[in-house]
Amino acid sequence: MTAITPSEHHSDGEHPDLRVWGLITFLASESLMFGGFFATYLFFKGTTAVWPPEGTEVELFIPAINTIILVSSSFVIHFGDMAIKRNSVGWMRFWYFITAIMGAVFLAGQVYEYMNLGYGFTTNVFSNCFYLMTGFHGLHVFVGLLLILGVLWRSFRRGHYSATKHTGIEMAEIYWHFVDIIWIILFTLVYLLNIL
């Protein structure tokens, strides 16, 4: 009886590419973490007489602009994915560069909001929840921005991306859509429900 070697096990000599599934599994675990934050926030909101407590109200203007920017960036990054599937590396770079700018503007808006809130992380339970959720999301936006910049960097290697070879581009796009979806939920819970 002879042992099967790895090259005999896969007739084409290649292993299936499971990177996208790995990313989706990771994002599913991140969804559970955000879900825990959201559930905790809703628990405190439902069991506290005044929410948010006086002196820790949220403003809607900057976060609303940030929401428009981030949601729009999901469409922009998708244009980049469509461009590479037409084998247009130049247009992919253009759309990913615009997405990177939009992500950086979102983060700048979040920093500006933090600097002008008038309360800190430990002021009360609401402020603690607020900074944890928006800060954790901001960290994810920052990581997404690094992924997009990584795609742009690699796109300058001749032949690195093409119509048939673009897994890295798709993974960056999937991650960015995840960040956008989480923000829509967060914006609704933390901003809209407390203003309306």
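For clarity, every value in this text was computed on a predicted model and none was experimentally measured.

This part takes up the overall build of the chain. Counting its regular elements, the chain contains 6 helices and 0 strands. Scanning the chain from its N terminus toward the C terminus, one meets helices and strands in the order α-α-α-α-α-α. Computed over its C-alpha atoms, the radius of gyration of the chain comes to 21 Å, more than 25% above the 16 Å expected for a compact globule of 196 residues. Oriented by its inertia axes, the alpha-carbon framework of the chain measures out at about 70 × 50 × 25 Å. Of all 196 residues assigned to the chain, the portion counted as buried reaches 39%. Of all intrachain contacts in the chain linking residues separated by at least 6 positions in sequence, the fraction that spans at least 24 positions is 80%. Accessible surface, the chain as shown: approximately 11,200 Å² in total, 70% of it carbon and sulfur. Once the 9 positive and 13 negative side-chain charges of the chain are each reduced to a mean point, those two points are 13 Å apart.

Turning our eyes to something else, we now look at helix α3 (residues 61–85). Taking 1.5 Å per residue, 25 residues should reach 36 Å; α3 reaches 37 Å between its end C-alpha atoms and fits that length. One or two steps after α3, the chain reaches N87, where phi turns positive at roughly 65 degrees.

So, about the pattern of salt bridges. Pairs may arise between side chains of opposite charge once their charged atoms sit close together. For the coordinates displayed, the defined rule picks out 2 salt bridges. For K85, the salt bridge is made with D81, and the minimal N-O distance between the two is 3.0 Å. In this pair, K85 and D81 both sit in helix α3, 4 residues apart, roughly one turn of the helix. The shortest N-O distance in the salt bridge between E170 and K85 comes to 3.4 Å. Here E170, found in helix α6 (residues 167–195), pairs with K85, found in helix α3; they are 85 residues apart in sequence, far enough to count as distant. Among the ionic contacts, a cluster of salt bridges with common partners joins D81, K85 and E170.

With that settled, consider the side chain of T134. Secondary-structure assignment places T134 in helix α5 (residues 125–154). There is a polar contact of 2.7 Å between the side chain of T134 and the backbone oxygen of F130. Those residues in contact with T134 that sit more than four places away from it in its chain are Q110, Y114, L186 and Y191.

So, how was this worked out
- Residues numbered from 1 in each chain as written.
- Predicted model: local features only at pLDDT ≥ 70, side-chain atom pairs only at ≥ 80, totals over all residues.
- Heavy atoms only, no water.
- Helix = DSSP H or I, 4+ residues; strand = E, 2+ residues; numbered from the N terminus.
- Rg over C-alpha atoms; globule rule 2.2 N^0.38 Å.
- Buried < 20%, exposed > 50% of the residue type's maximum accessible area, 1.4 Å probe, protein only.
- Contact = heavy atoms within 4.5 Å.
- Areas by Shrake-Rupley, 256 points an atom, 1.4 Å probe, with all protein chains shown as cover.
- Lys, Arg positive; Asp, Glu negative; His and termini not counted.
- Charge placed at Lys NZ, Arg CZ, Asp CG, Glu CD.
- Expected span 1.5 Å × (residues − 1).
- Salt bridge = Lys/Arg side-chain N within 4 Å of Asp/Glu carboxyl O.
- Polar contact = N/O pair within 3.5 Å; in protein donor to acceptor, adjacent residues only side chain to side chain.

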